[in-house]
Each structure stands twice: as structure tokens, then as C-alpha cells.
Amino acid sequence: MSDKVDDLFLLIESKRNTLTAVEQIIADYFISKRKILSISELARKISVSPPSITRFSKKLGLNNYKELVFLYKMSLSDQTKDASLISTPVTASYHALATRSDASYRSEAVKNFCDMIYSTRIILFWGLGFNSFAGQDFEFKFTRLGKFIQVYSDQHSISLSASSLRKNDVVLISSLSGEDPDILEAIKQGKEKGAHFLLITTNEDSPFIDYCDETIYAASFSSNEALGNISPQIPVLIQLDIIYSKYVSMHRKSVNRWLLSENILKG
């Protein structure tokens, strides 16, 4: 083991983009700073094979699982009991989620989102449940830039808005599962009228994708994150912040003019 390796958590995140799906599960166990187990106990705990854990250790540049545990203990040594039990696992999960979001970033897709948003003044946002909270954040950000955002957060209002769509209207859909049949029907209805659709989802096999002009893939939750210690709208909020930052960068002059006008009106 290299003497330069002294933080397992940073080491894992630096290799995150190269890990397989099984190795991601192993990584999330250690990133969450959970109990130290033997290789056979860990394999049973997270439903992977011992050889997979050994391969994970070697992918980090370690010789075996024993070295991984040694480095893990060193990395935990400066954590208080309270931080290990509560604060650290949560912040570590956010860190891992942000890393996975960075790995899924597609510059062209984000640019296409920004171009579509720039091309129109009125944007509809469809999102059920927690997705509607992300819609409120989107509304807050882009309303300040001169856009009119209307958030629809239940099946009935989404269906009604679909029936009133016109050619070249823009709809941004947030759906991590990307599988709701009622929303799919609303998309089809809007598409027939010539509306444009943008999608944020974690589901690369979503039936929505075929009807959308562009899709951005948000980071999916690990099994531990899905238990509720991370707010479910966070992956969407990360993508919306990326879109907003790119939009401001692409259209800085018009953004500055609008914000200047806003400040004058406030004064």
C-alpha cells in the first residue's frame, strides 16, 4: 500500500467513475462509515461476493481487503462517535451523490436545455410529489431572469395543461422513475400539438425519452440513500443548478440586463 494513501474516502471518490455497479454498492458502504466487518460478513450484509470485495480493494490500489480495513480504520480515527453515527454518513452521502451527478454530466444535453429555455418566455414544469419542490426552485431562479414558470404538481393539473398546449410550448418534466403512465399520455398529447419536452430522470429506459427533445440523467440513489436520509429531490436540484449556471454563463449579457432592471424597479 502506498504511503501517500491516507484517506480512504477521498480515494474511493477519486475512483468512483471507474467502479462497476457492484463496486458502487461496496463503496457506498464504506463512504457511509458503517461498522467494520470481515470480508465474508460484509459480503452477506450487502449481498455481493467476497471476490468482488477483493477486486474492489485492488481497484483502489490496495493489495487486499485487509489493507482496505486498515486504511478504513485510519480514516475513521479522527471522527467523533456522534459524527460517525449521524453527521458524517449524511454528508458523505451528499458527497457521493454529487460525484455521481458529475459523472453523468453531458455538456451538449445541458446546452440544449439552456437553448430551449432561452427560446421561450413561458415554461411549464411538470413534477409529482417531491419533484414539485424542485419545480419551485426552478421557478424562483428563472422568474428572476424574465421567464414565466408555471409548476403543475398533480395528475389532474398536468392532464389539463397538456390539453391546452400549443405548438412550440416548452415543458420541463422532472420524474426520477420516468414511468408514470398518466404523464406519458400527457406527453404524447402535447407532442401531437407540437410542444417541446425536456426531461430530468434517473431512468435511462424511461418511455418518456422517445418523446422528449432532450434528456438529462440525474444521479440515482444507492440502497442506503433510498431509505430516506437524503431528500429525494436533491438529484433533481443538482441538475437544475447545473442548468441555471450554464444558462447564466451562456447568456450573461441578457441576464445582467434583466437583473439591473429588477434592481431599478425595486429601488
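Right, let's walk through the structure included here. What you see is a predicted model, and the numbers here were worked out from it, not measured in a lab. (Residues numbered from 1 in each chain as written. Predicted model: local features only at pLDDT ≥ 70, side-chain atom pairs only at ≥ 80, totals over all residues. Heavy atoms only, no water.)

Points about the overall build of the protein
In step 1: For the protein, the helix and strand inventory stands at 12 helices and 5 strands.
In step 2: Here the protein, with 267 residues, has 46% of them falling under the buried criterion.
In step 3: A separation of at least 24 residues holds for 72% of the contacts in the protein among residues at least 6 apart in sequence.
In step 4: As presented, the protein carries roughly 13800 Å² of accessible surface, and 53% of it is formed by carbon and sulfur atoms. (Helix = DSSP H or I, 4+ residues; strand = E, 2+ residues; numbered from the N terminus. Buried < 20%, exposed > 50% of the residue type's maximum accessible area, 1.4 Å probe, protein only. Contact = heavy atoms within 4.5 Å. Areas by Shrake-Rupley, 256 points an atom, 1.4 Å probe, with all protein chains shown as cover.)

Re the pattern of salt bridges
Side-chain pairs of opposite charge can arise whenever the charged atoms involved come near each other.
In step 1: According to the stated counting rule, one finds 8 salt bridges in the structure shown.
In step 2: The salt bridge partner of lysine 111 is aspartate 115, with a shortest N-O separation of 2.9 Å. Residue lysine 111 and its partner aspartate 115 are located together in helix H7 (residues 107-118), separated by 4 residues, close to a single helical turn.
In step 3: The shortest N-O distance in the salt bridge between aspartate 241 and lysine 141 comes to 3.0 Å. (Salt bridge = Lys/Arg side-chain N within 4 Å of Asp/Glu carboxyl O.)

Some details on the packing of aromatic side chains
In step 1: Tallied over the full model, the rule gives 10 aromatic pairs.
In step 2: Ring centres 5.5 Å apart and planes at 90° place the aromatic pair phenylalanine 142 and tyrosine 244 in the edge-to-face group. Of this pair, phenylalanine 142 sits in helix H8 (residues 131-143) while tyrosine 244 is found in helix H11 (residues 234-250), placing the two residues 102 residues apart along the sequence.
In step 3: A residue is classified by how much of its surface remains accessible, and phenylalanine 142, at 0% relative accessible area, is buried.
In step 4: Given a relative accessible area of 18%, tyrosine 244 falls into the buried group. (Phe/Tyr/Trp six-rings, centres within 6.5 Å; stacked < 30°, edge-to-face > 60°.)

Considering the nonpolar core
The tendency in soluble globular proteins is for nonpolar side chains to be buried as a group.
In step 1: Of all hydrophobic cores here, the largest spans 32 residues; its most connected members are Ile117, Phe138, Phe142, Leu172, Ile200, Leu240 and Ile243.
In step 2: Listed by contribution, the elements that provide at least two residues to this core are H7, strand S1 (122-126), H8, strand S2 (148-152), strand S3 (170-174), strand S4 (196-201) and H11.
In step 3: Here this core gets 8 residues from one element, more than from any other, and that element is H11.
In step 4: The residues touching phenylalanine 138, leaving out its near neighbours within four places in the chain, are Ile117, Ile123, Phe125, Ile149, Leu172 and Leu240.
In step 5: Counting 27 residues, the second-largest nonpolar core is a separate cluster that includes Phe9, Leu19, Ile53 and Leu60. (Core = buried A, V, L, I, M, F, W, Y, C linked by side-chain atoms within 4.5 Å.)

Observations regarding the sheet that holds S2
In step 1: Read from one edge to the other, the open sheet built from 5 strands follows the order S2-S1-S3-S4-S5, with strand pairing classed as parallel. For this open sheet the edge positions go to S2 and strand S5 (214-217), each flanked by a neighbour on one side alone. With direction set aside, neighbouring strand axes in the sheet form an average angle of 20°.
In step 2: Where S1 and S2 come together, 5 bridges link them in parallel fashion. Residue isoleucine 122 lies in a different strand from S2, and its bridge partner there is phenylalanine 148.
In step 3: Docked against the sheet, H8 engages S1, S2 and S3, running at close to 170° with respect to S2.
In step 4: Across the sheet, helix H10 (residues 181-192) is in contact with S1, S3 and S4; its angle to S4 comes to roughly 155°. (Pairing = 2+ DSSP bridges. Axes fitted to C-alpha atoms, helices over the stretch in contact; angles between N-to-C directions.)

A few points about unusual backbone geometry
Where the residue is not glycine, phi is negative for most of them; where a peptide bond is considered, it is trans in most cases.
In step 1: Phi at lysine 33 is positive, roughly 55°, even though this residue is not glycine.
In step 2: When you line up the elements, lysine 33 lands in the loop between helix H2 (21-31) and helix H3 (39-46).
In step 3: Given the relative accessible area of 12%, lysine 33 is considered buried.
In step 4: With a phi close to 60°, serine 47 is a non-glycine residue in the positive phi region.
In step 5: As for its position among the elements, serine 47 is in the loop between H3 and helix H4 (50-59).
In step 6: On the basis of relative accessible area, serine 47 is assigned to the exposed category, the value being 67%.

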